[in-house]
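Structural overview for review
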Amino acid sequence: MFDIAWSTIKNRKGGFVAAFIAVICGSAVITACGVLFVSGLLSGVAPERYAGATVMVGGRQTKDVKENFDPYYAERVTVPASVAEQISHVDGVEKVVRDHSVEMSLQKDDGSARGAPVPLQHPLYGHGWSSAALGPFELAEGDEPGGAGETVLDAGLARTAGLRVGDTVRLSVATTPQNYRIVGLVDAPGNGLDRQSAAFFTDARAAELSQRPDRLTAIGVLGEDGTDAGELAGRIEDAVTGTDVVTYTGDAIGDLEFLDVGQSRGFLVMLSASFGGTALGVVVFVVSSTLGLAIHQRRRELAMLRAVAATPRQVHKLIGSEVLLVAAAGAVLGAAPGFLVAGLLRDAFADVGVLPADFELSFNPLPAVAAVLLSVLGALLAGFVAARRIAKIKPVEALSESQVEKGELGRTRKAVALGLLGLGLVTSIVLPLLIPGQLAIAGAGGSLLLLMVGSALISPNLVRTTTRLLTPLLMRSKVSGYLAAANSHANARRLSSAVVPLALGTAMALMQISMLNTVEVTAKEQAATGVVADYVVTGGTTGLSTDLAQKVRAVDGVGTVTPVARSQVLITYVEIDKPVSNPFSAQGLDPRDLDRTLDLDVREGSMDELRGDTVALSRIAADTARLDVGDTADVDLGDGTHKELEVVALYGKGLGFGDVTLPHGMLTEHTAGGQDTALLVTGEDGGGTDGKVESGLADLADGTPGLVVQSPEEFGAVEQGQFTQQSSTSLIANALLILYVLIAVVNTLVMATTGRSREFGMLRLIGTSKQQTRRMMFLESWVVILTAVVVGIAIAVPPAVGAALGTTGQPIPYVEPLAWGGIVVFVALLGWLSISLPTRSALRGRPIDAVYAAE
């Protein structure tokens, strides 16, 4: 059977090229998803400042969730200082190093109270001098710090800032500056510091700057000579009691040193797992459509086999052998480019800031093996389904079936199609009404494939309906129009194979644009109407010191100051009988006179009750976790601290200001630096935005490093930075799928058109001119395009409506007319070119040659 299959492939290359290309591209997409998933499990960044440590000990940065992914905490989980004493008694430990780290900014003395900020390529962190041994850092010049007003800088930082030993430098934690005398410079270990800059202080001063002397950023362990790092790490974990710590050795220490690396790994695992499932579904769908068209074009040949007594089993074996050969070759060839695609995705994610620029992928062969197996299995399944109808017909009916398409679709096919369409509508629209929240939003997005498969099953009927509606227009061109109408009606199954991928590409693009635009516009509107303060005070990358609020309150004319802190928390709840911990953006607020600075659109409860162990939730967060006012929310704060909080209010403007609102003190206590993100300032009653307040704030900004005074309009949505990253990530991932679908569109349309060369030859032999044939195909192309566009829009609208219900509570999604129009025009142009150009090519030869070549 393989010999016959191989002979068929060699002599009918054109019929298999489209399927071959679809499998190649599909294998590349699946391989890329697999590479991202494996990289999320195995990859990372080598340590720098901790490179000389035998073992590093830190807090557990993930929450253990049974039967589900373990999410990462947004803030660093610190370690009790008492743990260092326990570790010091472990066999094989030579030295224990307590590390306090705090992010800082640097200013040069330019004679002003504010100082001149020094732009740095990497974040600057301050540490205790004892932690220099973990590099190890070695003094290149000067001495170690001996007093609270002295510092040692790494040599690279000193060169960048133009500083030398003996100079005075201003280092700030948030907006609190302090002058230090540079007493020494150190050389960084290895090739230097590529991801950070370092300043060293006395251990006492570093503990004071961290504001938490009882907590350590990490604990470094230097082992005795000959001690195995892995064995030492195991003994340390056994010895430490009363707290949950994690030991790190080798390159894994980079996960502790750089929190963004571990968080990026978690991001890749989550993204590739969710995106990979969607990608696999799209690939199988496209390959199935392409193989269906290829087998449909061979129905005359397969009918002859049935007429000469080939059994259904033999037909299935023949098609299965052909599919196996084509799919296996295509999957293997597509796996290698998949690694390149994964690299391009990594670069794109790094450009939008969701991955570190130096994050390396793990090019393991397992994703390629999995992609080949999944592609081949998917193709075999698609081939079986496509061959099923031609294999089961009776031999005496085979030849008549091959000449004329069967008019009506089977009852089972119609029933399945209607069932899928109904389920898709329920999932996209009814589910957000019954079970709002993130689950409903995910369901609305996932309903697209259900609607697409349902539409694909009845697509021949859709083509016939479009043909009937367009027939009066087609008949204006007597010869070409008549032929186009007759062909479209009689060969609706063939045309539907071209409609399906074109409609899928249209629907995916329209739905993605609509969902992103709806969230973005709503977030901006909420932020614009939510900030009712007169001024907004913000800081640099290191935030605002918490004592700044008191200084702003002391400004003449200021009436109300609301400090705003930002972080991310985890809310744990049960979803479909399984515990889930999802991250939500969080803000910390002081409820005093909050209505004078911020309008969160409170729907239930009162923000005045936001004190102690309480929380206010956005409508989306509350619906997602199934919580109401008076219920208890299971919350893990940014640093992993677990809280049981009473819900005291529900509000509507979660997209603009975050889904979780906590008491200000609770949030800042559990963030890395304990700083504020912004201060919302309103003048005294009747003061408004008078010059007295503005002048006082300007004077304060002149003497405070990094301080910026903005109007509410300039401030905008606090969530926009995070939303931009999320939307960009979604766009990048879906752009890959849409590109794959577009390749499949061109692939399928070209195959469908070139496969009609015999038909074109017959038309020309009976007197139809080239121009009439081209015009016939032009009119047919518009049947395909209009059907695809209408179907694409029809199946994109329900998910868009469902997503709008889930995110905004309103059933009307935001539609950008230019974007939708541009997508429709692009799809129409792509469809027309993919049909017209192959038609011109097929008409170049002699008609008689085309007729006999096809035979």
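**Comments concerning the overall build of the protein**
Helix and strand counts for the protein come out as 28 helices and 24 strands. Structurally, the protein occupies a C-alpha span of about 100 × 75 × 50 Å along its principal axes. Residues counted as buried form 54% of the 855 residues belonging to the protein. Long-range pairs, those at least 24 residues apart, make up 83% of the contacts in the protein with a sequence separation of at least 6. Counting only carbon and sulfur atoms, one obtains 57% of the accessible surface of the protein, whose full area is about 35,900 Å². Here the protein contributes 66 positively and 87 negatively charged side chains, and the mean placements of these two sets differ by 22 Å.

**As for a nonpolar patch on the surface**
On the surface, Phe37, Leu41, Leu42, Phe69 and Met270 cluster together into a nonpolar patch covering about 460 Å² of accessible area. Along the chain, Leu42 falls in helix H2 (residues 13-42). According to the relative accessible area criterion, Leu42 is exposed, its value standing at 57%.

**Let's talk about the packing of aromatic side chains**
Applying the stated rule across the entire model yields 6 aromatic pairs. Here the aromatic rings of Phe137 and Phe200 are separated by 5.1 Å at their centres, their planes lie at 65°, and the arrangement is edge-to-face. Of this pair, Phe137 sits in the loop between strand E6 (124-128) and strand E7 (138-142) while Phe200 is found in strand E11 (residues 197-201), placing the two residues 63 residues apart along the sequence. The residues Phe137 and Phe200 share a single accessibility class, namely buried. Between Phe267 and Phe349, the ring centres sit 5.7 Å apart and the planes meet at 90°, which makes this aromatic pair edge-to-face. Of this pair, Phe267 sits in helix H8 (residues 259-297) while Phe349 sits in helix H10 (residues 312-351), placing them 82 residues apart in sequence. Judged by relative accessible area, Phe349 falls into the buried class, the value being 1%. By way of ring pairs, the aromatic residues Trp129, Phe137 and Phe200 are connected into one cluster.

**Points about the environment of Ser545**
Topologically, Ser545 is positioned in the loop between strand E15 (535-538) and helix H18 (548-553). On a C-alpha basis, the gap between Ser545 and Val521 in space is 32 Å, while along the polypeptide they are 24 residues apart. Setting aside residues no more than four positions away along its own chain, Ser545 makes contact with Val173, Ala174, Thr175, Thr176, Gln675 and Asp676.

**Things to note about the sheet that holds strand E13 (residues 218-223)**
The strand order across the open sheet built from 4 strands is E3-E13-E1-E14, with neighbouring strands paired in antiparallel fashion. Looking along the sheet, the strands with just one partner apiece sit at the ends: strand E3 (93-99) and strand E14 (245-248). Between one strand axis and the next, the sheet turns through 20° on average, direction left out of account. With respect to the sheet, helix H6 (residues 229-239) is in contact with strand E1 (55-59), E3, E13 and E14, its orientation differing from that of E1 by roughly 35°.

**A short note on the nonpolar core**
In this structure, Val287, Phe349, Leu504 and Tyr740 are the most contacted members of the largest nonpolar core, which totals 109 residues. Here the element with the most residues in this core is helix H17 (residues 492-530); it accounts for 14 residues. In this structure, Phe349 is in contact with Leu36, Leu271, Val354, Leu355, Thr729 and Ile732, ignoring residues within four places of it in sequence. Core analysis: the second largest hydrophobic core is formed by 23 residues, Ala633, Val635, Val660 and Leu662 among them.

**Observations concerning the packing of helix H15 (residues 459-474) against helix H16 (residues 478-490)**
The geometry of H15 relative to H16 is characterised by a closest axis approach of 9 Å and an angle of 170° between their N-to-C directions. Comparing the axis directions of H15 and H16 gives the class roughly antiparallel. Here H15 contributes Val463, Arg464, Thr467, Arg468, Thr471 and Leu474 to the contact with H16, which in turn contributes Gly481, Ala485, Ser488 and His489. Class assignment of the residues belonging to the contact of H15 with H16 gives a composition of 3 nonpolar, 5 polar and 2 charged.

**Observations concerning helix H25 (residues 757-765)**
Buried residues of H25: Phe760, Gly761 and Leu763, and no others. The buried residues of H25 occupy one face: seen down the axis, they fall within an arc of 160°. Gly767 occupies a position one or two residues after H25 and carries a positive phi of about 115°.

**Points about the pairing of E13**
Within E13, 6 of the 6 residues are buried, leaving the element largely enclosed by the surrounding structure. Every second residue of E13 is oriented toward a common face, with Ala218, Gly220 and Leu222 on one face and Ile219, Val221 and Gly223 on the other, all of them buried. Sheet topology places E1 next to E13; 3 bridges connect them, and they run antiparallel. Along E13, the bridge assignment pairs Val55 with Val221. Pairing of E3 with E13, which is carried by 6 bridges, proceeds in the antiparallel orientation. When the sheet's bridge partners are listed, Arg98 is paired in E13 with Ile219.

**Thoughts on the pairing of strand E17 (residues 578-589)**
By the criterion of burial, E17 is predominantly enclosed, with 9 of the 12 residues buried. Examined bridge by bridge, strand E16 (residues 558-575) and E17 share 12 bridges and lie antiparallel to one another. Each bridged residue has a counterpart across the sheet, and for Leu570 the counterpart in E17 is Pro583. Between the end of E16 and the start of E17, which pair antiparallel, lie 2 residues, with Ile576 showing a positive phi angle near 55°.

**Side note on H15**
Largest kink in H15: about 35°, centred on Arg468, with the proline Pro472 one to four residues after it. For H15, the set of buried residues is Ser459, Pro460, Val463, Arg464, Thr466, Thr467, Leu470 and Leu474. In this structure, the buried side of H15 is in contact with helix H13 (411-434), helix H14 (438-457), H16, H17 and helix H26 (770-808).

**Quick word on the state of the cysteines**
Counted by the stated rule, this structure contains 0 disulfides. In this structure Cys25 is a free cysteine whose sulfur lies 14 Å from that of Cys33, the closest cysteine sulfur available.

**Looking at the packing of H26 against helix H27 (residues 817-842)**
Between two packed helices, the angle of one axis relative to the other and the distance separating the axes together describe the packing. It is the contact of H26 with H27, at a shortest axis distance of 9 Å, that shows an interaxial angle of 150°. As judged from the angle between their axes, H26 and H27 are roughly antiparallel. Considering only the axes of H26 and H27, their crossing is right-handed. Across the interface between the two elements, Arg774, Met777, Phe778, Ser781, Trp782, Ile785, Val789, Ile793 and Val797 of H26 pack against Trp820, Val824, Val827, Ala828, Gly831, Trp832, Ile835, Thr839 and Arg840 of H27.

**What to know about the confidence of the model for the protein**
Per-residue confidence for the protein gives a mean pLDDT of 85, with 92% of residues at or over 70. This stretch, residues 717-721, has a pLDDT under 50; its non-local contacts, to residues over four places away or in other chains, come to 14 contacts.

**Structural notes on the environment of Gly184**
Note that Gly184 resides in strand E10 (residues 176-187). Relative accessible area serves as the criterion here: at 0%, Gly184 is assigned to the buried category. In this structure the C-alpha to C-alpha distance between Gly184 and Asp143, which are 41 residues apart in sequence, comes to 5.0 Å. When sequence neighbours within four positions are dropped, the list of residues in contact with Gly184 reads Glu141, Gly142, Asp143, Thr151, Val152, Leu153 and Val165.

What counts, and at which threshold
Each chain has its residues counted from 1, running along the sequence as written. For this predicted model, a pLDDT threshold of at least 70 governs which residues receive local features, and a threshold of 80 or more governs which side-chain atom pairs are given and counted, while totals over whole chains, interfaces and linings are taken from all residues. By convention in this description, side-chain values take in all heavy atoms of the structure and omit both hydrogens and water. Per the convention used, a helix needs a DSSP run of H or I reaching at least four residues, while a strand needs a run of E reaching at least two, with both numbered from the N terminus. With a 1.4 Å probe rolled over the protein chains alone, any residue whose accessible area is under 20% of its type maximum counts as buried; one over 50% counts as exposed, and the rest are partly exposed. By the convention used here, residues are in contact when the closest approach between their heavy atoms is within 4.5 Å. Residue burial considers only the protein chains on display, and all accessible areas are found by Shrake-Rupley using a 1.4 Å probe. For the purpose of counting charges, residues Lys and Arg are taken to be positive, whereas Asp and Glu are taken to be negative. His and the chain ends are not included. A charged residue contributes its charge at one atom only: NZ of Lys, CZ of Arg, CG of Asp or CD of Glu. Any residue with relative accessible area above 30% and no salt bridge may belong to a patch, with like charges joined within 9 Å and the nonpolar Val, Leu, Ile, Met, Phe, Trp and Tyr side chains within 5 Å. A carboxyl oxygen of Asp or Glu within 4 Å of a side-chain nitrogen of Lys or Arg is what we treat as a salt bridge. A pair of Phe, Tyr and Trp rings is counted when the ring centres sit within 6.5 Å of each other, with Trp represented by its six-membered ring. The angle between the planes then sorts it: under 30 degrees is stacked, over 60 is edge-to-face, the rest tilted. Should DSSP find at least two bridges between two strands, the strands are taken to pair. Lines fitted to C-alpha atoms define the axes, with helix axes restricted to the stretch in contact, and inter-axis angles between N-to-C directions lie between 0 and 180 degrees. What is meant by a nonpolar core is a set of buried Ala, Val, Leu, Ile, Met, Phe, Trp, Tyr and Cys residues, joined one to another through side-chain atoms within 4.5 Å. Working rule for angles: under 35 degrees goes down as roughly parallel, over 145 as roughly antiparallel, 65 to 115 as roughly perpendicular, anything else as oblique. Throughout this entry, Asp, Glu, Lys and Arg are counted as charged residues, while Ala, Val, Leu, Ile, Met, Phe, Trp, Tyr, Cys and Pro are counted as nonpolar. The remaining residues, Gly among them, count as polar. The arc in question is formed by the directions pointing from the helix axis toward the C-beta atoms. What the bend at a residue measures is the angle between two axes, fitted to the seven residues ending there and to the seven starting there. Note on disulfides: each one is a pair of cysteine sulfur atoms within 2.5 Å. Definitions for this section: a left-handed crossing has its near helix turned counterclockwise from the far helix by less than a right angle. A right-handed crossing has that turn clockwise. What pLDDT expresses is the predictor's confidence in each residue, scored from 0 to 100.

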